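Observations on the three-dimensional arrangement
Residue strings, one per chain:
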Amino acid sequence: MEDSGRMLAQLERRIFEKRARIGVVGLGYVGLPVACAFAAAGFDVIGIEMRSDRVEQINKGVCPIQGSEPGLAELLGEVVATGRMRASIDAGDLDDRDVILVNVETPVDDQHIPQYHALRAALTSVGQAMKRGTLVIVESTIAPRTMDDLALPLLQQVSGLTANDGFYLGHCPERVMPGRLLQNLRTVSRTVGGMTPETARVMVTLYRQIVAADLDATDCLTAELVKTVENAYRDVNIAFANEVALICEAIGGDVWKVRDLVNKSPGRDMLLPGAGVGGHCIPKDPWLLVHAARGRDVPVRLVPAARAVNDGMPYHVADMVVEALAEAGIAVAEARIAVLGYSYLENSDDTRNTPSEPLVRQLRALGADVVIHDPHVSEYAGPLDDVLRRADAVVLMVRHDAYQGLTLAPTSGAGNRPVIVDARNMGLGVGASFSRIIGRGAGVTPTAGDRA
Ligand code: SAJ
């Protein structure tokens, strides 16, 4: 072990002196900014990417990530031009790396079981290529116990090396958010989980080169739990807000007034009810947490129930549309319905797990002619008036800035649209003959400017 201790100390010194060579497996929305950040910090970085078109783009200094990511395209151009960072399709190029970061997708299937094909393939490639003394860090979000039960045995088996002797292993989950990838990478604290405390310490030295926020050294299981719990926490709290909204609608309450006043109570921070929960993190990570308890005698009830509440919201919005159309004397099967917003988050082009998808599917299943608008999603970014024209109903699903202040009510002279359903309480329903606002019961009429 003395040799191993010396080897780890030498690695830490190479990291500190920026002589350590870094490999990043997976150049997606997490891996690419990470590779650029370490290259910009002065390290030699190779990014391994299986999509050859992305490899080609990146090696030309062109950023393959769509959407607004401040600073990323410029940084990529710089580090590629200086030769600090290059992309490769060949995992064999990892054979001279001192540190290898793994950033590949870890989805769950429709039974909420984690799908680790990409993770297994990545770790197998790493195990085949890596030299003795390499530090391997999984940054992907994984179910608790995955490091012990999958990553460790797989790397040992493929490499023939023994962990903490022939190589070092850790888990440092990312906390980036689309639209703020580089900013979050630099300014948001990280939980740094090492297989051993010594490994965690060297990992802190590594991340200190690019992270200005807290770096909290711990073990791998704690790191796996922190990431999945923080997102399950958010999902459960959003579900709570949504359930209160449903109750308010049913009894003539106004969840938006209730929420404002609840949040005046010390220690309360009720989140925003809405049309549902999308994205690549929040809908998935709670299931990774739940998976860890699978097969063990622990009654896991709240997290799945919260997922069901949030997944039910787009269908609730569809019901709101049907009811409002019926009040206006319009059958949904004869209605033309304009859906405003198709990304999962305001001012984003990301449509992964968007609540708008089940809403549109449900309305079309009921026979409606549904047209979609979204200024950030190229497929739906045509003229808004074309979408609104002849619409019998308008459904606001995403609070894009572009919709702020939009006057939709028929009195606005913008055509006859008796029904407006505001599923994010953006205040667009004011003045409409038949409007519904998420979380507001019948008879509760909003006043202009009465917004979340
Ligand atoms: N949503 C609500 N009500 C809320 C908040 C969100 O309905 O009060 C909906 C949004 O409309 C969206 C979904 O939930 O459809 C997710 O929104 P989000 O604000 O959580 O944004 P995400 O999915 O990008 O979450 C990421 C997460 N970050 C990482 O996983 C690293 C999450 O942990 C962060 O809290 C979040 O960014 C953030 O706001 O920073």
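What you are looking at is a predicted structure, and each value in this text was computed from that prediction instead of being measured. (Residues numbered from 1 in each chain as written. Predicted model: local features only at pLDDT ≥ 70, side-chain atom pairs only at ≥ 80, totals over all residues. Heavy atoms only, no water.)

Turning our eyes to something else, we now look at the site of the ligand. Around the ligand sit 20 residues, and of these Asn231, Arg234, Leu272, Gly278 and Tyr344 come closest. Gly278 has a polar backbone atom sitting 2.9 Å from an oxygen atom of the ligand. Here an oxygen atom of the ligand sits 2.7 Å away from a polar atom, N or O, in the main chain of Tyr344. Relative to its unbound accessible surface of 740 Å², the ligand loses 86% to contact with the protein. (Near = heavy atom within 4 Å. Polar contact = N/O pair within 3.5 Å; in protein donor to acceptor, adjacent residues only side chain to side chain. Areas by Shrake-Rupley, 256 points an atom, 1.4 Å probe, with all protein chains shown as cover.)

Glancing now at the layout of surface pockets. Of the voids in this model, the second largest pocket is the one considered here, and its volume is about 820 Å³. Around the second largest pocket sit 32 residues that line it, and Met177, Arg234, Ile238, Ile282 and Leu345 are the ones nearest its centre. Ranked by the residues each element gives to the lining of the second largest pocket, the list is headed by helix α9 (residues 220-251), at six residues. Split by residue class, the lining of the second largest pocket holds 16 nonpolar, eight polar and eight charged. (1 Å grid on protein atoms, 1.4 Å probe; cavity = no way out; pocket = protein on both sides within 12 Å on 5 of 7 lines; lining within 4 Å. Points joined across faces, edges and corners; volume = space filled by probe spheres on them. Helix = DSSP H or I, 4+ residues; strand = E, 2+ residues; numbered from the N terminus. Nonpolar A, V, L, I, M, F, W, Y, C, P; charged D, E, K, R; others polar.)

Counting across every chain of the model gives three aromatic pairs. Within the aromatic cluster, the residues linked to one another by ring pairs are Phe38, Phe43 and Tyr207. Its guanidinium or amino end placed over the ring of Tyr29, Arg352 lies 5.0 Å from that ring's centre, counting from NZ or CZ. (Phe/Tyr/Trp six-rings, centres within 6.5 Å; stacked < 30°, edge-to-face > 60°. Lys NZ or Arg CZ within 6 Å of the ring centre and 35° of its normal.)

A surface patch of nonpolar side chains, about 190 Å² in accessible area, is lined by Leu221, Leu225 and Val229. Positionally, Val229 belongs in helix α9. Since its relative accessible area comes to 38%, Val229 is described here as partly exposed. (Patch = residues over 30% accessible without salt bridge, like charges linked within 9 Å, V, L, I, M, F, W, Y side chains within 5 Å. Salt bridge = Lys/Arg side-chain N within 4 Å of Asp/Glu carboxyl O. Buried < 20%, exposed > 50% of the residue type's maximum accessible area, 1.4 Å probe, protein only.)

What follows is about the pairing of strand β10 (residues 369-373). Counting buried residues in β10 gives four out of five residues, a clear majority hidden from the surface. Sheet analysis places strand β9 (residues 336-340) next to β10, joined by five bridges and oriented parallel. When the bridges of β10 are listed, Ile337 appears paired with Val370. Taken together, β9, helix α13 (residues 356-365) and β10 constitute a β-α-β crossover, and its handedness is right-handed. (Pairing = 2+ DSSP bridges. Right-handed = clockwise from strand over helix to strand, strands pointing away.)

The sheet built from five strands is open, its strands ordered β10-β9-β11-β12-β13 with parallel pairing. This sheet does not close on itself; its edge strands, each paired only once, are β10 and β13 (434-437). For this sheet, the mean inter-axis angle between neighbouring strands, taken without regard to orientation, is 15 degrees. Taken strand by strand, helix α12 (residues 302-327) contacts β9, β11 (393-396), β12 (419-422) and β13, and its axis lies near 160 degrees from that of β13. (Axes fitted to C-alpha atoms, helices over the stretch in contact; angles between N-to-C directions. Contact = heavy atoms within 4.5 Å.)

Attention now goes to the pattern of salt bridges. Evaluated as defined, the whole model comprises 27 salt bridges. Between Asp3 and Arg6 there is a salt bridge, and its shortest N-O distance comes to 3.7 Å. Note that Asp3 and Arg6 are positioned in helix α1 (residues 2-16) at a spacing of three residues, about one turn of the helix. Take Arg6: its relative accessible area is 45%, and that puts it in the partly exposed class. Here Asp149 ties to Arg145 by a salt bridge, and the two come within 3.5 Å at their closest N and O atoms.

One finds Leu32, Phe38, Val45, Met85, Leu101, Leu206 and Tyr207 to be the most contacted residues of the largest nonpolar core, which totals 49 residues. When residues of this core are assigned to their parent elements, the largest contribution, seven residues, is made by helix α2 (residues 31-40). In this structure, Tyr207 is in contact with Phe38, Leu101, Ile137, Glu139, Cys172, Arg190 and Leu215, ignoring residues within four places of it in sequence. Met313, Val321, Val370 and Val421 belong to the second largest nonpolar core, which has 38 residues in total. (Core = buried A, V, L, I, M, F, W, Y, C linked by side-chain atoms within 4.5 Å.)

The next thing to look at is the packing of helix α5 (residues 117-129) against helix α6 (residues 146-159). Across the interface, α5 lies against α6 with an axial gap of 8 Å and an inter-helix angle of 35 degrees. Our pair here, α5 against α6, has a crossing hand that is right-handed. Packed against α5, whose contacting residues are Leu119, Arg120, Leu123, Thr124, Val126, Gly127 and Gln128, the element α6 presents Thr146, Leu150, Ala151, Leu154, Leu155, Val158 and Ser159 at the interface. Among the residues making up the contact of α5 with α6, the classes are represented as eight nonpolar, five polar and one charged. (Left-handed = near helix turned anticlockwise from the far one by under 90°.)

Tracing the chain through its elements places Ile437 in strand β13. Between the C-alpha atoms of Ile437 and Ala423, which are 14 residues apart in sequence, the distance is 6.0 Å.

So, on to unusual backbone geometry. A positive phi is found at Lys18, a non-glycine position, where the angle reads about 60 degrees. Structurally, the position occupied by Lys18 is in the loop between α1 and β1 (21-25). Unlike most non-glycine residues, Arg145 shows phi in positive territory, near 85 degrees. Its place among the elements puts Arg145 in the loop between β5 (135-138) and α6.

As a further point, take helix α4 (residues 72-81). An α-helical turn contains 3.6 residues, so any two residues separated by three or four positions project in the same direction. Regarding α4, the residues found buried are Leu72, Leu75, Leu76, Val79 and Val80. Around the axis of α4, the buried residues are gathered within 125 degrees of arc, so they sit on the same side. Summarising the geometry of α4, the exposed residues directed more than 90 degrees from the buried face are Glu74 and Ala81. Buried residues belonging to α4 abut α2, α3 (52-59), β3 (85-88) and α7 (181-187). Within two residues after α4, Gly83 carries a phi angle of roughly 80 degrees, on the positive side. (Arc of directions from axis to C-beta.)

Note that every value here comes from positions in space, so none of it alone points to a role or purpose.
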